[in-house]
There are 2 protein chains.
Amino acid sequence: MNNPPPRRRDVTVADVAREARVAKATAARALGDYGAVSDAVRDRVQAAAEALGYRPNELARSMNTGKSNTIGVIVGDIENPYFGLATRGISDAAKEQGFDVILVNTSEDVDAEMDAVRVLLDKRVDGLIVAPASSGKTDHLRAVYETGRPLVLLDRRIEGLDVDVVEADMASVAYQATRHLTDAGHRRIAFISTLDVEGGEFHEGIDLRVSSVADRLEGVLRAQRDAGLPDPSALVRFDANGAAGIKRIVRELMALSDPPTAIIASDSLIALSVLGTVRELGLSVPGDLSFIMFDDFEWTTLTSPPLTVISQPIYEMGAAAARRLIGRVQGRQLPDAMTKFTATLVQRGSVGRPRAGVLAGPMDPLSAI
Amino acid sequence: MNNPPPRRRDVTVADVAREARVAKATAARALGDYGAVSDAVRDRVQAAAEALGYRPNELARSMNTGKSNTIGVIVGDIENPYFGLATRGISDAAKEQGFDVILVNTSEDVDAEMDAVRVLLDKRVDGLIVAPASSGKTDHLRAVYETGRPLVLLDRRIEGLDVDVVEADMASVAYQATRHLTDAGHRRIAFISTLDVEGGEFHEGIDLRVSSVADRLEGVLRAQRDAGLPDPSALVRFDANGAAGIKRIVRELMALSDPPTAIIASDSLIALSVLGTVRELGLSVPGDLSFIMFDDFEWTTLTSPPLTVISQPIYEMGAAAARRLIGRVQGRQLPDAMTKFTATLVQRGSVGRPRAGVLAGPMDPLSAI
DNA sequence: TTGAAAGCGCTAACAA
DNA sequence: TTGTTAGCGCTTTCAA
């Protein structure tokens with residue numbers, strides 16, 4: 001293409017008013033569908049608008065109504081299917097209520113998140129849905145709260161920040177999943193998460209700051225303690241970032257003198273890298289290693305074996321977040337209910353009994369064989 | 001949460017000016033970083049702004065600059081990883097140039113796409129990136145063109161619409177992929193796409209309207225003709241929508257007296273359903289059926305066998321689209337180069353020779369055995 | 001029901 | 001360098 005057409009001046013209410021031979025205010029009323037206008041005039045104005053190709057300027061409109069009919073969404077990584085699906089839910093629900101969505105991707109970077117909040121606030125969005133990258137720094141979110149614009153947190157709550165949160169019950173499903181593993185005889189269960197944690201190492205009592213991860217871990221550890229396993233936190237690994245980092249972690253884990261017989265991956269991106277590494281290592285699932293991952297995407301049914309996963313109603317959670325936010329925007333009084341969703345364990349084929357050899361452990365009388 | 005704080009009145013330049021004891025325009029200059037302001041005054045104004053917690057109103061700013069520093073992106077389905085990745089590329093490139101992104105999802109519905117265009121135009125975005133759902137109706141896109149706002153088409157070009165298009169060279173890679181299949185001995189190759197086509201059936205000379213699909217198909221058919229295969233279009237299937245629809249198509253295909261020995265899936269969503277059906281049917285890949293899909297996502301390395309795919313630089317294409325659009329927005333004269341990307345065939349394990357039994361065909365002297 | 005006029009918060013001429 | 005004065009395109013008083 002070579003000759004971009006000149007940018008034409010937009011047709012305004014004034015133009016339409018002139019064409020329809022009415023006052024500007026009258027035309028605006030007819031066009032904006034507010035106030036009182038006689039049918040005759042309305043028709044005339046609309047005809048004029050049509051003829052001129054009039055389109056309202058939503059910016060101007062927002063400026064004096066103070067509402068933009070737009071919600072801002074801040075996600076860590078739109079490439080992550082979790083957020084893709086959640087965003088879809090948000091968009092659909094927003095559209096249903098006549099709201100638009102501005103999406104900002106932060107690449108899971110807190111500074112970018114702070115920028116994003118500022119930008120969206122400056123654009124005067126009516127409210128914000130945020131899946132906070134790290135809940136270390138949260139001043140920017142508290143700031144949102146203080147502007148009085150509604151804020152809904154997706155997937156992660158933040159200690160001491162009294163806003164709506166839409167999340168799934170991670171602790172209990174994590175417990176259930178881990179229990180499934182211990183019931184099968186597993187005694188060494190690893191848990192891998194992207195969360196970067198102070199000092200890089202996990203220890204009891206550490207403040208994990210991202211509630212969804214903390215909850216998952218809590219369930220995982222509790223189930224192991226309930227099964228009488230000593231020191232369940234020894235195989236917890238954080239800071240699993242990027243394919244290379246995850247690969248390294250898995251290799252280290254499997255090189256242990258007492259390697260895990262099962263791995264729980266905290267999200268689908270980790271799972272992909274874990275499985276890739278497992279394949280490189282020539283290990284078989286579930287023969288050599290049992291595997292459970294958080295989130296249920298269609299490809300997990302196509303691996304051999306299909307994967308045992310934890311399924312969250314991600315789309316619905318996104319939609320719920322949007323509906324709740326818009327409710328707040330419209331000043332509705334909302335009950336706190338329905339904000340916690342249930343996740344379920346979907347058993348497919350990636351969990352088996354640990355091999356006899358590796359079953360060996362302090363509690364196993366056959367260990368000497 | 002129970003007591004949403006009252007929505008505070010925003011602090012404006014006027015407030016800051018008063019606090020700093022300067023004229024409104026002076027404060028605005030200092031704050032907006034334009035015009036000339038003495039250092040002393042600038043400091044005073046900024047201090048006042050800081051103290052008051054001033055934040056610019058970008059809407060007001062956009063209103064008289066006529067620029068919103070925002071680009072609109074319209075995609076069919078953000079849940080589709082293709083668009084997730086492309087959107088990520090768009091976002092990153094846009095952010096780099098100081099632009100924000102408004103994303104609208106159309107659920108691959110043309111009416112929704114028309115709405116989306118209208119909404120974004122009304123919001124006065126500076127430009128639009130669209131991956132058009134169906135190029136049947138394109139008036140709304142021509143309308144964008146006529147407002148003089150730049151428009152970049154992603155993945156699909158539209159006949160007779162003279163705008164920038166960012167796409168990959170689909171015809172040649174499709175040819176190459178199909179050639180790979182015919183070289184392996186395949187004579188019955190099916191091609192499955194979501195595209196809905198008039199009449200529901202494909203026939204030679206039909207106007208496919210979505211260029212990326214038309215190109216793929218062109219390559220697929222040409223390779224077969226070059227290999228001397230008669231009637232290569234007999235196994236072309238369109239309208240593959242939703243898991244159920246795709247499943248039905250695959251079942252019908254495999255129930256043919258002369259079923260295909262290879263399937264090419266036009267995108268990853270189709271691939272997922274095709275493979276699910278193949279698994280249900282108890283068929284093995286590539287033993288019973290060879291398989292190639294468009295787009296390369298990490299999970300395709302984890303299936304057994306790993307899948308042979310066609311890889312496009314999706315992220316880069318998104319980024320390129322954004323850069324090109326922003327270039328146009330800024331009125332730069334741009335060459336038409338660099339707008340066509342190269343896709344490559346990644347050979348993994350899902351293509352093999354057709355079984356001897358099914359190899360039988362009119363050109364095969366062994367068919368009687 | 002209609003019109004005139006005053007803003008919304010900012011930028012942009014134009015003077016001083 | 002600073003201030004004054006108009007707008008941007010719309011909504012919203014307030015009168016008529």
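None of the values given here were measured: they were computed from a predicted structure. (Residues numbered from 1 in each chain as written. Chains lettered and ligands numbered in written order. Predicted model: local features only at pLDDT ≥ 70, side-chain atom pairs only at ≥ 80, totals over all residues. Heavy atoms only, no water.)

Sorry if this is basic, but what is going on with the sheet that holds strand E10 (residues 308–311) of chain A here?
Within a sheet, neighbouring strands are paired by backbone hydrogen bonds and run either parallel or antiparallel to one another. All names here are of chain A. Reading across from one edge, E7-E6-E8-E9-E10-E12 is the order of the six strands in this open sheet, with mixed pairing throughout. Only two strands of the sheet have a single neighbouring strand rather than two, namely strand E7 (236–237) and strand E12 (344–346). Where strand E6 (residues 189–192) and E7 come together, two bridges link them in parallel fashion. Bridged to Phe191 within E7 is Val236. Where helix H10 (residues 242–255) meets the sheet, it contacts E6 and E7, and its direction lies at approximately 165° from that of E6. Set on the sheet, helix H11 (residues 268–280) makes contact with E6, strand E8 (262–265) and strand E9 (290–294); between it and E9 the angle comes to about 155°. (Pairing = 2+ DSSP bridges. Helix = DSSP H or I, 4+ residues; strand = E, 2+ residues; numbered from the N terminus. Contact = heavy atoms within 4.5 Å. Axes fitted to C-alpha atoms, helices over the stretch in contact; angles between N-to-C directions.)

What should I look at first to understand the relation of the copies chain B and chain A in this one?
There are two copies of the chain, and a rotation about an axis plus a shift along that axis relates them. When chain B is fitted to chain A, the best match, at an RMSD of 0.1 Å, comes from turning it 180° and sliding it 0.1 Å along the axis. Both copies of the chain, as the preceding transformation shows, are related through a two-fold rotation axis. Most of the interface of chain B is mirrored in chain A: 99% of its interface residues are interface residues there too. (Least-squares fit on C-alpha atoms with pLDDT ≥ 70 in both.)

Looking at this model, I keep getting lost on the pairing of strand E5 (residues 164–168) of chain A. Mind explaining?
Working note: regular strand, side chains alternate between the two faces of the sheet. Residue and element names in this part refer to chain A. Across the five residues of E5, five count as buried, placing the element largely inside the fold. Neither face of E5 is open: one carries Asp164, Val166 and Ala168, the other Val165 and Glu167, and all of them are buried. The pairing of E5 with strand E11 (residues 340–341) spans two bridges and is parallel. Residue pairing in the sheet places Ala168 in a bridge with Phe341 of E11. (Buried < 20%, exposed > 50% of the residue type's maximum accessible area, 1.4 Å probe, protein only.)

I'm lost on the packing of aromatic side chains in this one. Help?
Aromatic ring pairs are reported here in terms of the distance separating the ring centres and the angle at which the planes meet. Residues and elements named next belong to chain A. Counted under the stated rule, the structure contains two aromatic pairs over all chains. Judged by centre distance (5.3 Å) and plane angle (90°), the ring pair of Tyr82 and Phe83 falls under edge-to-face. This pair shows no difference in class: Tyr82 is buried, exactly as Phe83 is. Here the guanidinium or amino end of Arg216 rests over the ring plane of Phe294, the centre of that ring lying 4.3 Å away. (Phe/Tyr/Trp six-rings, centres within 6.5 Å; stacked < 30°, edge-to-face > 60°. Lys NZ or Arg CZ within 6 Å of the ring centre and 35° of its normal.)

Would you mind going over the protein's contact with DNA strand C with me for this structure?
Neighbouring DNA strand C are 25 residues; Thr26 and Arg29 of chain A together with Val13, Lys24 and Asn64 of chain B lie closest to it. Between DNA strand C and Val13 of chain B, the relevant distance is 2.5 Å, taken from a phosphate oxygen to a main-chain nitrogen or oxygen of the residue. In the model, a base nitrogen of DNA strand C is placed 3.4 Å from a nitrogen or oxygen of the Arg29 of chain B side chain. At the level of elements, helix H2 (24–32) and helix H4 (58–65) of chain A together with helix H2 (24–32) and helix H4 (58–65) of chain B are the ones that each hand at least two residues to the surface near DNA strand C. (Near = heavy atom within 4 Å. Polar contact = N/O pair within 3.5 Å; in protein donor to acceptor, adjacent residues only side chain to side chain.)

What exactly am I supposed to notice about the interface of chain B and chain A here?
Reports of interface size often rely on the accessible area that becomes lost once the parts have come together. Contacts between chain B and chain A engage 67 residues on the former and 66 residues on the latter. Regarding the contact of chain B and chain A, the summed buried area is about 6,300 Å², with carbon and sulfur atoms giving 51% of it. Here chain B is connected to chain A by twelve salt bridges. For the pair chain B and chain A, the interface holds 26 residue pairs in polar contact (both at pLDDT 80 or more). (Buried area = accessible area lost by both parts, 1.4 Å probe. Salt bridge = Lys/Arg side-chain N within 4 Å of Asp/Glu carboxyl O.)

When you look at empty space enclosed by the protein in this model, what are you seeing that I'm missing?
Summary: where empty space remains is shown by rolling a probe the size of a single water molecule over the atoms. Here the structure, examined in full by the defined rule, presents one cavity of 30 Å³ or more. Quantified by volume, the largest cavity comes out at close to 170 Å³. Forming the boundary of the largest cavity are 15 residues, of which Leu59 and Lys123 of chain A together with Leu59, Ile102 and Lys123 of chain B lie nearest the centre. The residue makeup of the lining of the largest cavity, split by class, is five nonpolar, six polar and four charged. (1 Å grid on protein atoms, 1.4 Å probe; cavity = no way out; pocket = protein on both sides within 12 Å on 5 of 7 lines; lining within 4 Å. Points joined across faces, edges and corners; volume = space filled by probe spheres on them. Nonpolar A, V, L, I, M, F, W, Y, C, P; charged D, E, K, R; others polar.)

Sorry if this is basic, but what is going on with the sheet that holds strand E7 (residues 236–237) of chain B here?
Residue and element names in this part refer to chain B. Pairing is mixed across the open sheet formed by six strands, whose spatial order is E7-E6-E8-E9-E10-E12. Here the strands that pair on one side only, and so sit at the sheet edges, are E7 and strand E12 (344–346). Here strand E8 (residues 262–265) pairs with strand E9 (residues 290–294) via four bridges, running parallel. Residue pairing for E9: Ala265 is matched across the bridge by Met293. The strands that helix H10 (residues 242–255) touches are strand E6 (189–192) and E7; relative to E6, the one it contacts most, it runs at about 165°. Set on the sheet, helix H11 (residues 268–280) makes contact with E6, E8 and E9; between it and E9 the angle comes to about 155°.

The values are spatial; any link to function lies outside them.
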